[in-house]
Amino acid sequence: MIEILDPARLPRAREAGALVADILQTLRQRCRVGTNLLDIDRWAQSMIVEAGAQSCYVDYAPSFGRGPFGHYICTSVNDAVLHGLPHDYSLVDGDLLSLDLAVSVGGVVADSAISFVVGDATSSADAALIRATENALRAGIAVARPGARLGDISHAIGTVLSEAGYRINTQFGGHGVGSTMHQDPHVANSGRPGRGYTLRPGLLLALEPWVMADTAELVTDPDGWTLRSATGCRTAHSEHTIAITDDGAEILTLTKSA
Ligand code: MG
Ligand code: MG
């Protein structure tokens, strides 16, 4: 079922989005060489609790993971790209870290992810990976408006990723958001324009392009959650939650300072 948000609940969606964005920004600023992934998880937990929000992850037990997740944020390092389970690992200079966070405020969920390199030096290959996901996300958002089709978004995202030279995995992608985190419709990161569900005001979507440098194949880590590139290559992931409005799309997961 596809959920359409009651306009009266849009302020809650904005609150959830701003909170997710602020937490991710704070965590990004705190992450440095030596930061442990479990510290990041604890910081996320305390900011979620302090805000009176609910974690979408801690009790989450979907079919694709060995649930419940038991942590508050996904921390995916280097070859890990999605659902990275926080564990006892201290970041080293040059690690490519993706943070993915979803919370619920007043019963409405927002979901966002950022990727960045820890330390002083970012290789041009890592910068290109991150930039491809950010550009693809921007392209997907740019075509999201009432009357557009889901395939238009998938096509816009997929075009940027493939023109940047990456192969696309369509097992995991964007999704509807609302009273729960993962809802219909699925938003593949590749697709044909003019196809699929027609977007309507009040639809909330999480768009999330992700790529792996030299493969489209994933392997599951022995932890039962973390998805890694099959070749061990580096990866990146960017995600925003958007609300379809009467005349376009509003990005909910932007920091107030952005
Ligand atoms: Mg996410
Ligand atoms: Mg998501």
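Residues numbered from 1 in each chain as written. Chains lettered and ligands numbered in written order. Predicted model: local features only at pLDDT ≥ 70, side-chain atom pairs only at ≥ 80, totals over all residues. Heavy atoms only, no water.

Peer 1: Describe the sheet that holds strand E14 (residues 249-251), with residues and values.
Peer 2: The strand order E7-E6-E8-E13-E14 describes an open sheet built from five strands, whose pairing is antiparallel. Lying at the two open borders of the sheet, with one neighbouring strand each, are strand E7 (183-187) and E14. Each neighbouring strand pair of the sheet contributes to a mean axis angle of 30 degrees, computed without reference to strand direction. Bridge count between strand E8 (residues 204-207) and strand E13 (residues 240-244): four bridges; the pairing is antiparallel. (Pairing = 2+ DSSP bridges. Helix = DSSP H or I, 4+ residues; strand = E, 2+ residues; numbered from the N terminus. Axes fitted to C-alpha atoms, helices over the stretch in contact; angles between N-to-C directions.)

Peer 1: Talk me through the packing of helix H1 (residues 10-30) against helix H2 (residues 37-50); I want residue IDs and the actual numbers.
Peer 2: Between H1 and H2, the least distance of the axes is 11 Å, while the angle of their chain directions is 145 degrees. For the pair H1 and H2, the sense of crossing is right-handed. Between H1 and H2, the contacting residues are Ile23, Thr26, Leu27 and Arg30 on the first element and Ile40, Trp43, Ala44, Met47 and Ile48 on the second. Residues belonging to the contact of H1 with H2 are distributed by class as follows: seven nonpolar, one polar and one charged. (Left-handed = near helix turned anticlockwise from the far one by under 90°. Contact = heavy atoms within 4.5 Å. Nonpolar A, V, L, I, M, F, W, Y, C, P; charged D, E, K, R; others polar.)

Peer 1: Could you give me a rundown of the nonpolar core, with the residues and numbers involved?
Peer 2: If you look at the biggest cluster of nonpolar residues, it comprises 27 residues, and the most contacted ones within it are Ile40, Leu97 and Leu99. Elements with a minimum of two residues in this core: H1, H2, strand E4 (96-105) and strand E5 (108-117). Per element, the largest residue contribution to this core is six residues, and it comes from H1. Within the second largest apolar cluster, 24 residues are counted, among which are Leu96, Leu129, Leu137 and Ile242. (Core = buried A, V, L, I, M, F, W, Y, C linked by side-chain atoms within 4.5 Å. Buried < 20%, exposed > 50% of the residue type's maximum accessible area, 1.4 Å probe, protein only.)

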